[in-house]
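# Fold and geometry: a report
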Amino acid sequence: MSWRIEESDALTLLRELPGRWAQTCVTCPPREVPVPELIAVLAEVRRVLRSDGTLWLALSRGMDRPAILERLEQETAWLRPEQSGTPMPGGVVLLTKRAAYLHNRRPLPAAPVERRRCPTHRARSAGPHTPRRAFCVPAGSQDRLLPLEVIDWCISTSTAVQACGICGAPWREAPAGAAREVSWRRRCVHLNGRGRSLVIDPYCGRGSVGVAAQLRDRDFLGIERSPALAALARRRLSTTPRGSLR
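What you are looking at is a predicted structure, and each value in this text was computed from that prediction instead of being measured. (Residues numbered from 1 in each chain as written. Predicted model: local features only at pLDDT ≥ 70, side-chain atom pairs only at ≥ 80, totals over all residues. Heavy atoms only, no water.)

### Points about the pairing of strand β8 (residues 219–224)
Counting buried positions along β8 gives 6 out of 6 residues, so the element sits mostly inside the fold. Note: strand β1 (residues 3–7) against β8, 5 bridges, orientation parallel. Looking at the pairing, E6 lines up with I223 of β8. Bridge count between strand β7 (residues 198–201) and β8: 4 bridges; the pairing is parallel. Residue pairing across strands places V199 opposite F220, the latter belonging to β8. Taking the sense of rotation as the criterion, the β-α-β connection linking β7, helix α5 (residues 208–215) and β8 turns out right-handed. (Buried < 20%, exposed > 50% of the residue type's maximum accessible area, 1.4 Å probe, protein only. Helix = DSSP H or I, 4+ residues; strand = E, 2+ residues; numbered from the N terminus. Pairing = 2+ DSSP bridges. Right-handed = clockwise from strand over helix to strand, strands pointing away.)

### Brief notes about the environment of R98
Note that R98 resides in the loop between β4 (93–96) and α4 (148–158). C-alpha separation for the pair R98 and W78, spaced 20 residues apart in sequence, amounts to 8.0 Å. Those residues in contact with R98, other than ones at most four positions away along the chain, are R20, S51 and L79. (Contact = heavy atoms within 4.5 Å.)

### A closer look at the nonpolar core
Counting residues in each nonpolar core, the largest one holds 30 residues, and the members touching the most others are L38, L42, V45, L57, L72, W78 and I200. Mapped onto this core, the elements with two or more residues apiece are α1 (10–14), β2 (22–27), α2 (35–48), β3 (49–57), α3 (65–76), β4, β7 and β8. Ranked by residue count, the leading element in this core is α2, at 6 residues. With residues near it in sequence (within four places) discarded, L42 still touches L55, L57, L72 and W78. One finds A58, Y101, V199 and V211 within the second-largest nonpolar core, a separate group that totals 26 residues. (Core = buried A, V, L, I, M, F, W, Y, C linked by side-chain atoms within 4.5 Å.)

### Comments concerning the environment of S51
Within the element layout of this structure, S51 appears in strand β3. When the C-alpha atoms of S51 and Q23 are compared, they prove to be 8.5 Å apart, with 28 residues separating the residues in sequence. What S51 contacts, discounting residues up to four positions off in sequence, is K97, R98 and A100.

Structure below.
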């Protein structure tokens, strides 16, 4: 599987997926999602992720962030390692299944520049306008808070360029040489490095997480309830060149 967009309810489809299957999840839930449903979906995400998997969560404006994070820790056993000093890009929360998780050191992405909206959606824009090309965001899209640079940083930090094609274990990053070059070593007993890390997004929206995964040569599974947004995500991913950022 290179990428796939499923037009379905997130909770229903996640319950059908096998456990310890995906490597990381990057998502920005819509503001309209009820909190109990969100907690249930992220609990299923935790089951689907590998033991060293990670969840990168960006909550939309208007959502009660402290209350949601507290419920996630208490009701679903998610851990928050950023409390121990792990740097995070603005607006993104890192949640892990265990204290030991896959984390490749990467410099934080630059602060995203606010882009100008088209006249139809200008009222929805927050912050200063810059003299850049206007872009149009479909109604109901929830990935406005996750610029592609931030998504790319989350994916490259929590996945490997290679994974075992048998058990799915991501290869370990090991610094080598005085120039701090990076080499990758297998973490399992299999001599198979033909697999790819799997990134999932239960609230796929326009497919920005999938685009970043394609650019990093990772597999992607997106779930989107809206037929219009699912169709838009498929069009975007079908025209994305694979592995161009690797």
